[in-house]
Amino acid sequence: MENLNEKIVKILNEKNKTISFMESCTGGFLAHRITNISGASNVLKVSLVTYSNEYKMKFGVTKNTIEKYTVYSIETAKEMAKSVSDFAASNFGIGVTGELRK
């Protein structure tokens with residue numbers, strides 16, 4: 001039985017689509033999970049770990065978004081996703097940010 005990561009890679013390959021990641025709090029974990037699947041090199045265009053605000057902004061997240069909504073917001077995650085997709089010219093962009101809560 002296929003796991004979720006295998007299904008994602010299989011579907012992207014079948015549909016000739018690509019994906020890119022901009023991760024912060026996950027530190028590259030999503031890309032790691034995808035790259036362990038055969039065929040991932042056909043679908044993963046780029047993965048960025050932008051843990052600092054400086055590099056989130058260098059890759060397209062606006063300072064205004066971070067200041068207005070915080071770096072942990074859904075608005076920031078959406079900009080991360082769009083920015084990495086635009087940067088890599090991929091069909092899908094995934095942006096992950098968040099805050100560890102105790």
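These figures come from a predicted structure and were not determined experimentally. (Residues numbered from 1 in each chain as written. Predicted model: local features only at pLDDT ≥ 70, side-chain atom pairs only at ≥ 80, totals over all residues. Heavy atoms only, no water.)

Asker: What am I meant to see in the overall build of the protein chain here?
Answerer: Counting its regular elements, the protein chain contains 5 helices and 3 strands. The secondary structure elements of the protein chain, listed N-terminal to C-terminal, are α-β-α-β-α-α-α-β. Taking 13 Å as the expected radius of gyration for a compact globule of 102 residues, we find that the protein chain reaches 14 Å, a close match to that expectation. Across the 102 residues in the protein chain, those meeting the buried criterion constitute 37%. Counting contacts in the protein chain only where the partners sit at least 6 residues apart, residues at least 24 apart contribute 65% of the total. Taking the average place of the 14 positive charges on the side chains of the protein chain and the average place of its 10 negative ones, the gap between the two points comes to 2 Å. (Helix = DSSP H or I, 4+ residues; strand = E, 2+ residues; numbered from the N terminus. Rg over C-alpha atoms; globule rule 2.2 N^0.38 Å. Buried < 20%, exposed > 50% of the residue type's maximum accessible area, 1.4 Å probe, protein only. Contact = heavy atoms within 4.5 Å. Lys, Arg positive; Asp, Glu negative; His and termini not counted. Charge placed at Lys NZ, Arg CZ, Asp CG, Glu CD.)

Asker: I keep staring at the pairing of strand S2 (residues 44-49) and nothing clicks. Help me out?
Answerer: Within a regular beta strand, the side chains point alternately toward one face of the sheet and then the other, so they alternate between its two faces. Here strand S1 (residues 19-23) pairs with S2 via 5 bridges, running parallel. Opposite Ile19, over in S2, you have Leu44 as the bridge partner. With helix H2 (residues 29-35) bridging S1 and the parallel S2, this β-α-β connection has right-handed handedness. (Pairing = 2+ DSSP bridges. Right-handed = clockwise from strand over helix to strand, strands pointing away.)

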